[in-house]
Amino acid sequence: MALRLTVNGETHSLDIEADTPLLWVLRDELGLPGTKFGCGAGLCGACTVHLNGQPVRSCSTPVEMAADGEVTTIEGLGSGDRLHALQQAWIDHGVPQCGYCQSGQIMSAAHLLATNPSPARDEIVAAMTGNLCRCGTYSRIIAAVESVAAGEKPAQEEA
Amino acid sequence: MAMNRRDFLKVGAGASGSLMLSLSLPGCSGLPTGYEQETGEWRPDAWLEITRDDRIYFTLARVEMGQGTYTGLTTLIAEELEVAPGAIEPRFAPVADEYKNPLYKLQLTGGSTSLATSWEPLRTAGAEAREMLIRAAAGVWRVDAKECSASEGRVIHPNGIDSMRYGQLVELASKEILRGDVALKPAAEWKYIGKQNRRLDARAKSTGKAVYGIDVSLPDMVYAVVTRSPRYGGKVQSFNGDEVRAMAGVLEVMEIDRGVAIVADKYWRARKAQDALKVQWNFSEAIDLSTPEVFETYRKAADEDAGESERSEGDTESVLANADKVVEAEYSQPYLAHATLEPMNATAWYRNDHMEIWAPTQAPDLGRIAVARVTDLAPNEVTINTTFLGGGFGRRLTQDYIEEAAAVAFRMDRPVKVIWSREEDARHDLYRPAMLHRMKAGLNKGELSGWDHQIVGPQILNWYVRNAGPAQFPWTPKFLYNTLGKVGVWAEGIATPKDISAIEGAIEYPYQVANIDIRHTHIDPGVPITWWRSVGYSHNGFAVETFMDELAHEAGQDPYQFRRRLLANEPRHREVLDRAARLGGWDTPVPEGRARGIALMRSFGTYVAQVVEAGLEEGSIRVYKVAAAVDCGQVVNPAIVVDQIEGGILFGLTAALYGEITLEQGEVQQSNFHDYPLLRQYERPEVEVEIVDSTETPTGVGEPGVPPVIPALGNALFALTGKRQRTLPLKADA
């Protein structure tokens with residue numbers, strides 16, 4: 001089917017089978033591989049993107065459900081060359097190990113802070129529980145989110 | 001590691017006038033490289049390259065799968081080269097002899113060996129380059145090189161004012177002769193080793209820009225999915241290829257060694273076509289067993305065969321026969337999947353009689369053999385490009401996914417990316433072996449008098465040699481891959497002279513006892529197996545450290561003190577045990593409804609002790625706190641050490657609480673994260689890691705965090721409930 005999709009502010013016209021998961025459209029049709037395939041069943045959160053401001057699991061969101069919608073991926077989270085505060089915090093706190101789940105982790109955290117700028121520890125944990133990390137970076141994720149929520153200045157030094 | 005530095009350092013001017021310092025890692029010089037010499041193929045070395053415009057490239061020969069080589073090894077080069085680690089651009093190494101892991105004689109990242117094997121060679125390479133740059137500058141200034149210094153990518157004039165950039169000096173430096181006598185900086189002068197805490201890959205991995213295997217994109221690339229036998233060993237008999245070929249987007253349906261591949265223009269179309277594929281399997285050589293039979297087979301083998309002696313001191317049999325008290329227990333552990341978050345995948349492009357592969361692999365030279373095996377190509381007609389790995393944990397030592405991509409691409413005229421689904425990843429993994437342990441110990445007046453441990457299960461190397469042998473000896477004729485490959489491996493000695501995967505963690509039993517008998521009864525039920533983060537230490541650690549806990553209770557002693565007294569001659573073990581006990585508040589009251597357990601294991605040269613505080617909440621096991629003390633010798637990056645130990649703890653907890661792959665008539669029953677769960681954020685315990693200050697040669701930290709946490713948690717649950725659990729995963733209602 002033909003549909004329009006706005007991704008990271010850019011509108012695309014696509015002719016694609018309606019049941020194709022949004023994930024594969026982003027990765028393979030639009031060249032945005034930052035969003036990852038982990039489980040295909042909405043269980044791990046690696047594919048998390050924002051659709052009309054809400055976090056969705058793009059691996060199990062048929063692209064037709066995103067038609068005419070606005071999608072934000074990890075590539076579009078910052079503004080231009082400026083990183084989102086969470087991305088900077090992820091770097092400053094050295095969160096990623098293998099890094100594969102981190103796009104999804106950051107997208108979940110970004111939605112949390114967009115709706116609740118000063119979350120309590122429990123709220124962060126609850127919001128991040130849908131995102132699996134096999135390397136075990138969970139404690140640094142919490143520290144990074146809390147540092148942004150607390151308005152800590154990012155480190156000047158770049159990795 | 002003693003070596004003549006002249007033997008492994010070579011210098012040359014690059015085509016573009018850059019200084020290229022190549023280093024052959026120790027252990028490689030005797031390796032035959034016949035086929036490459038015959039074809040005259042240029043063989044790149046491991047090298048540091050500095051360009052005229054001050055770019056510094058470092059070829060990273062140990063893959064980055066989260067464990068931190070990208071940062072840690074770069075830090076070693078940076079320290080001696082006198083540049084900030086962040087000023088160096090690491091590149092992933094191609095396949096070449098110089099990049100082989102000297103311990104394995106294979107280009108392999110595993111066994112927590114990267115730092116230990118790179119510690120001296122990489123610092124030396126950095127130092128040699130620095131000295132050549134200094135001598136070049138001294139020549140320009142006509143001053144004594146000894147009076148010059150280097151700092152932040154510049155050589156500084158003796159007057160302390162003038163300086164020259166490395167880039168300005170590379171051409172002159174490349175004419176300098178390697179002297180092989182460079183002194184490494186003393187620890188007191190280190191700027192980055194032991195202090196560098198940032199990860200050099202954090203930015204790429206926080207912006208979606210890091211390229212994993214699954215992200216590789218090539219012109220005209222198509223996608224393939226593979227349907228494999230639901231039971232290991234099954235062969236394709238027939239399939240409805242014509243029907244599937246007619247489906248939207250499908251370009252090809254083909255039988256390959258590992259199943260039936262569907263190639264389509266889009267991944268999702270290949271997946272949809274797969275739903276319509278019907279394969280008739282020939283199961284005559286397929287496995288047919290169910291999990292209970294695996295353990296019945298093990299028990300029968302254990303009854304019939306006492307096993308090969310792996311360590312024997314004193315006279316354990318008679319000591320146990322005469323002991324005041326004999327304690328016996330049987331432990332077992334299930335098969336475990338790796339569940340890397342990036343599913344298996346590989347991209348292959350066959351053109352001009354050459355196969356190029358892009359893949360997240362822990363062993364690119366084995367990947368090359370896997371390609372040669374399924375095509376008409378020789379290993380030197382195969383190029384492997386390694387990407388970032390979305391987790392490894394041992395899974396990516398096996399090259400089956402590369403083999404599939406190559407087999408399909410060999411018959412296509414376009415690049416092909418093979419992607420596994422999560423379900424395929426779970427069902428067609430090679431598993432951490434299921435194991436059985438029979439333990440027996442004697443106590444005389446509360447003192448340990450004898451220790452008997454019978455380990456029952458398979459050896460991993462048998463599943464590995466088919467590619468490892470030819471990778472060590474790439475000129476092996478293909479028809480001999482399976483036979484000579486094995487001989488070659490044994491002759492050369494992969495990993496160690498023998499496969500210790502089944503017995504590691506048992507044979508190093510550190511506690512003082514005069515009579516000890518450790519045996520391995522080899523039995524392989526035919527379920528595919530491989531290495532898995534900490535491997536043998538993960539199952540032997542559970543058996544040994546749980547049984548130690550049982551003995552302490554039988555002897556009426558505190559489990560910490562019981563261990564401690566038996567470690568009088570093992571100061572590093574004792575130190576981490578003491579520190580973990582202190583950090584975990586062993587001697588302080590436990591909050592109501594909780595209990596503590598302790599365990600200790602030295603693995604891969606690193607000593608780790610842990611205290612776990614756990615309880616039961618709403619019918620589930622709840623882990624509140626894990627305190628860990630670690631001695632890994634000299635620390636290069638303290639943050640990465642903490643991360644790896646904590647990551648290992650969560651990995652171990654996932655195994656302890658949930659990990660179980662089961663078989664029913666040969667079919668794996670688990671498929672995705674609902675039935676093979678991983679620890680989630682809300683289950684994360686508070687983890688504290690204390691690092692012992694040490695100047696010993698650094699040892700690895702990727703795996704050693706895993707083993708102690710499993711028995712420590714079991715021991716805590718025993719302290720809480722009084723019920724001993726001897727099989728994994730642990731249950732709340734045991």
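From a predicted model like this one, the values you see are computed outputs, not experimental measurements. (Residues numbered from 1 in each chain as written. Chains lettered and ligands numbered in written order. Predicted model: local features only at pLDDT ≥ 70, side-chain atom pairs only at ≥ 80, totals over all residues. Heavy atoms only, no water.)

Novice: Hey, could you run me through the interface of chain A and chain B in this one?
Specialist: How big an interface is tends to be reported as the loss of accessible area on association of its parts. Each partner contributes residues to the interface: chain A has 55 residues there, and chain B has 59 residues. For the pairing of chain A and chain B, the buried interface totals around 4700 Å² over both sides, and the portion due to carbon and sulfur atoms is 55%. The partner of Asp-19 of chain A in a salt bridge is Lys-272 of chain B, and the shortest N-O contact between them spans 2.9 Å. Inspection of the region where chain A meets chain B yields 29 residue pairs in polar contact (both at pLDDT 80 or more). Within the residue set of the side of chain A that touches chain B, elements represented by two or more residues are helix H1 (22-29), helix H2 (85-92), helix H3 (102-115), helix H4 (121-128) and helix H5 (138-149) of chain A. The biggest single contributor to the side of chain A that touches chain B is H5 of chain A, with 5 residues. Looking at side-chain class alone, the side of chain A that touches chain B contains 28 nonpolar, 14 polar and 13 charged residues. (Contact = heavy atoms within 4.5 Å. Buried area = accessible area lost by both parts, 1.4 Å probe. Salt bridge = Lys/Arg side-chain N within 4 Å of Asp/Glu carboxyl O. Polar contact = N/O pair within 3.5 Å; in protein donor to acceptor, adjacent residues only side chain to side chain. Helix = DSSP H or I, 4+ residues; strand = E, 2+ residues; numbered from the N terminus. Nonpolar A, V, L, I, M, F, W, Y, C, P; charged D, E, K, R; others polar.)

Novice: Any chance you could explain the pairing of strand E12 (residues 259-264) of chain B here in plain terms?
Specialist: Sheet faces and side chains relate simply in a regular strand, where the side chains alternate between the two faces. Residues and elements named next belong to chain B. With 6 of its 6 residues buried, E12 lies for the most part within the structure. Sheet analysis places strand E9 (residues 222-227) next to E12, joined by 5 bridges and oriented antiparallel. In the sheet register, Val-226 faces E12, and the bridge partner there is Ala-261. With 6 bridges joining them, strand E11 (residues 250-256) and E12 adopt antiparallel strand pairing. Of the residues in E12, the one forming a bridge with Val-250 is Ala-264. (Buried < 20%, exposed > 50% of the residue type's maximum accessible area, 1.4 Å probe, protein only. Pairing = 2+ DSSP bridges.)

Novice: Explanation requested: helix H9 (residues 291-304) of chain B in the structure shown.
Specialist: Counting along an α-helix, one turn takes 3.6 residues, and residues three or four places apart therefore face a common direction. Residue and element names in this part refer to chain B. With 14 residues, H9 extends 20 Å from end C-alpha to end C-alpha; this agrees with the ideal 20 Å at 1.5 Å per step. Taken as a whole, H9 has its buried residues at Thr-291, Val-294, Phe-295, Tyr-298, Ala-301 and Ala-302. Seen end-on, H9 carries its buried residues on one side only, within an arc spanning 120 degrees. Seen from the open side of H9, the exposed residues pointing more than 90 degrees away from its buried face are Pro-292, Glu-296, Lys-300, Asp-303 and Glu-304. Residues of H9 that are buried sit in contact with strand E15 (325-333), strand E20 (435-444), strand E21 (447-457), strand E22 (515-522) and strand E26 (663-664). (Expected span 1.5 Å × (residues − 1). Arc of directions from axis to C-beta.)

Novice: I would appreciate a short explanation of the packing of aromatic side chains in the present structure.
Specialist: The geometry of two aromatic rings is summed up by the distance between their centres and the angle between their planes. Applying the stated rule across the entire model yields 22 aromatic pairs over all chains. Both rings, one in Trp-24 of chain A and one in Tyr-267 of chain B, keep their centres 4.0 Å apart while their planes meet at 40 degrees; by these two values the pair is tilted. With Trp-24 of chain A in helix H1 and Tyr-267 of chain B in helix H8 (residues 267-276), this pair bridges two chains. In this structure an aromatic cluster arises from ring pairing among Tyr-331, Trp-451, Tyr-509, Tyr-511, Phe-542 and Phe-547 of chain B. For the cation-ring pair, Arg-228 of chain B lies above Trp-420 of chain B, with the distance from its terminal atom to the ring centre recorded as 3.9 Å. Just above the ring of Tyr-624 of chain B sits the side chain of Arg-594 of chain B; from NZ or CZ to the centre is 3.6 Å. (Phe/Tyr/Trp six-rings, centres within 6.5 Å; stacked < 30°, edge-to-face > 60°. Lys NZ or Arg CZ within 6 Å of the ring centre and 35° of its normal.)

Novice: Can you help me understand the confidence of the model for chain B in this one?
Specialist: Do not read the fine detail of predicted coordinates wherever pLDDT is low. Residues and elements named next belong to chain B. For chain B, per-residue confidence averages 90 on the pLDDT scale, and residues scoring 70 or more make up 90% of the total. Within the model, the stretch residues 1-9 combines pLDDT values under 50 with 29 contacts to residues more than four positions away or in other chains. The low-confidence segment residues 484-497, where pLDDT is below 50, has 32 contacts with residues more than four positions distant or belonging to other chains. (pLDDT = per-residue confidence, 0-100.)

Novice: Would you take a moment to explain the sheet that holds strand E16 (residues 345-351) of chain B for this structure?
Specialist: The strands making up a sheet associate through backbone hydrogen bonding, with each pair oriented either parallel or antiparallel. Residue and element names in this part refer to chain B. Across the sheet, 7 strands lie side by side as E11-E12-E9-E19-E16-E17-E18; this open sheet has mixed pairing. Of all the strands in the sheet, just E11 and strand E18 (382-386) have a single pairing partner and so form its edges. When the angles between neighbouring strand axes are averaged without regard to direction, this sheet yields 20 degrees. Two strands pair when backbone bridges link them, and E16 and strand E17 (residues 354-359) are joined in this way by 5 bridges, in the antiparallel orientation. (Axes fitted to C-alpha atoms, helices over the stretch in contact; angles between N-to-C directions.)

Novice: Looking at this model, I keep getting lost on the domain arrangement of chain B. Mind explaining?
Specialist: Residues and elements named next belong to chain B. Splitting chain B by domain gives domain 1 (5-202), domain 2 (213-284 + 344-419) and domain 3 (292-335 + 432-460 + 499-721). One C-alpha centre belongs to domain 2, the other to domain 3, and the line joining them spans 38 Å. Residue-level contacts link 8 residues of domain 2 with 11 residues of domain 3. When the buried surface of domain 2 facing domain 3 is broken down by residue, Arg-231, Tyr-232 and Phe-393 rank first, second and third, together holding 63% of it. Along the contact surface separating domain 2 from domain 3 lie 0 salt bridges. The interface formed by domain 2 and domain 3 holds 1 residue pair in polar contact (both at pLDDT 80 or more) in total. (Domains from an automatic or database assignment.)

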